[in-house]
Amino acid sequence: MPPIAYLSRSVTFSAAHRLHSQQLTPEENVQVYGKCNHPNGHGHNYKVELCVKGEIDPITGMVMNLTELKECIAACITEPLDHKNLDRDVAYFSERPSTIENIAVFIWDSVDQHLGSGWLHRIRLHETDQNYVEYFGPTSLGITR
């Protein structure tokens with residue numbers, strides 16, 4: 001059996017959003033999200049760490065060609081999210097709050113669709129230097145490719 005390795009690459013993007021749930025009243029939104037519910041929104045410089053898992057190819061010595069991974073990151077993260085207002089420019093967030101957790105799920109789903117199911121191991125999304133979320137996707141629930 002070939003050895004298994006975890007290959008990671010990071011990228012940054014800047015985006016604005018407003019933490020707001022259409023299922024809450026205006027008062028409840030302020031109570032839950034505080035200043036992050038400001039009607040004009042606010043922005044972050046996000047950092048995404050994308051980790052794929054796979055067998056090391058005995059011929060190439062790679063889990064995945066980094067060029068392919070960079071193209072995936074551009075198509076699934078940079079192009080749809082960088083310098084965007086997530087709530088207004090990304091349809092995914094028209095029906096759900098643009099929390100760091102939901103952004104991580106959006107990234108996972110986009111990358112998983114682009115690469116094919118089963119490559120992703122983890123998404124780590126930093127919203128600030130102090131706040132980040134890790135998402136392991138459906139595989140953490142025992143679902144595999």
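The chain is annotated in an unreviewed UniProt entry as 6-pyruvoyl tetrahydrobiopterin synthase of Tieghemiomyces parasiticus. Quoted verbatim from the Pathway (unreviewed entry) field of the UniProt record, the comment on the chain reads "Cofactor biosynthesis; tetrahydrobiopterin biosynthesis; tetrahydrobiopterin from 7,8-dihydroneopterin triphosphate: step 1/3." The annotation that UniProt attaches to the chain under Sequence similarities (unreviewed entry) is "Belongs to the PTPS family."

## Some details on the packing of aromatic side chains
Applying the stated criterion to the full structure yields five aromatic pairs. These aromatic residues form a ring-pair network of at least three members: Tyr92, Phe93 and Phe106. Over the ring of Tyr92 we find Arg96; its NZ or CZ atom is 3.8 Å from the centre of that ring.

## Some details on the UniProt feature "binding site: Zn(2+)" (unreviewed entry) in the chain
UniProt annotation of "binding site: Zn(2+)" (unreviewed entry) refers to His17, His42 and His44 when read in the numbering used here. Sequence-wise these annotated residues cover 28 residues; spatially they are packed, their C-alpha atoms never more than 8.4 Å apart. From the set just named, the residues that line the largest pocket comprise His17. Looking at the element boundaries, His17 is found in strand β1 (residues 4-17). Those residues in contact with His17, other than ones at most four positions away along the chain, are Gly41, His42, His44, Tyr46, Leu86, Asp87, Ser98 and Glu127. Once residues within four sequence positions are removed from consideration, His42 is found in contact with Ala15, Ala16, His17 and Cys36.

## Some thoughts on the nonpolar core
Counting residues in each nonpolar core, the largest one holds 30 residues, and the members touching the most others are Phe13, Ile77, Ile107 and Leu125. Secondary structure elements with two or more residues in this core: β1, β2 (42-55), α2 (66-81), α4 (100-115) and β4 (120-126). It is α4 that provides the largest number of residues to this core, a total of eight residues. Discounting chain neighbours no more than four positions away, the residues touching Ile77 are Val11, Phe13, Val48, Cys72, Asp82 and Ile107.

## So, the sheet that holds strand β5 (residues 132-135)
Strand order in the open sheet formed by five strands is β3-β1-β2-β4-β5, with mixed pairing between adjacent strands. If you trace the sheet from one side to the other, it starts and ends with β3 (84-85) and β5, each paired once. In the sheet, β4 pairs with β5 via four bridges, with the strands oriented antiparallel. Among the inter-strand pairings, His126 is bridged to a residue of β5, identified as Tyr132.

## Description of the side chain of Asn29
Position of Asn29 among the secondary structure elements: in helix α1 (residues 26-33). For Asn29, a relative accessible area of 0% translates into the label buried. When neighbours within four sequence positions are excluded, Asn29 is seen to be in contact with His20, Ser21, Leu24, Gly34 and Asn37.

## Here's the deal with the side chain of His126
Within the secondary structure, His126 is located in strand β4. With relative accessibility at 18%, the residue His126 sits in the buried group. In terms of polar contacts, His126 uses its side chain to reach the side chain of Glu49, at 3.0 Å. With residues up to four places along the chain from it excluded, the contact list for His126 reads Asn45, Tyr46, Lys47, Glu49, Ile100, Asn131 and Tyr132.

Thresholds, definitions, all that
- Residues numbered from 1 in each chain as written.
- Predicted model: local features only at pLDDT ≥ 70, side-chain atom pairs only at ≥ 80, totals over all residues.
- Heavy atoms only, no water.
- UniProt positions renumbered as here; feature names shortened; annotations may be inferred.
- Phe/Tyr/Trp six-rings, centres within 6.5 Å; stacked < 30°, edge-to-face > 60°.
- Lys NZ or Arg CZ within 6 Å of the ring centre and 35° of its normal.
- 1 Å grid on protein atoms, 1.4 Å probe; cavity = no way out; pocket = protein on both sides within 12 Å on 5 of 7 lines; lining within 4 Å.
- Helix = DSSP H or I, 4+ residues; strand = E, 2+ residues; numbered from the N terminus.
- Contact = heavy atoms within 4.5 Å.
- Core = buried A, V, L, I, M, F, W, Y, C linked by side-chain atoms within 4.5 Å.
- Buried < 20%, exposed > 50% of the residue type's maximum accessible area, 1.4 Å probe, protein only.
- Pairing = 2+ DSSP bridges.
- Polar contact = N/O pair within 3.5 Å; in protein donor to acceptor, adjacent residues only side chain to side chain.

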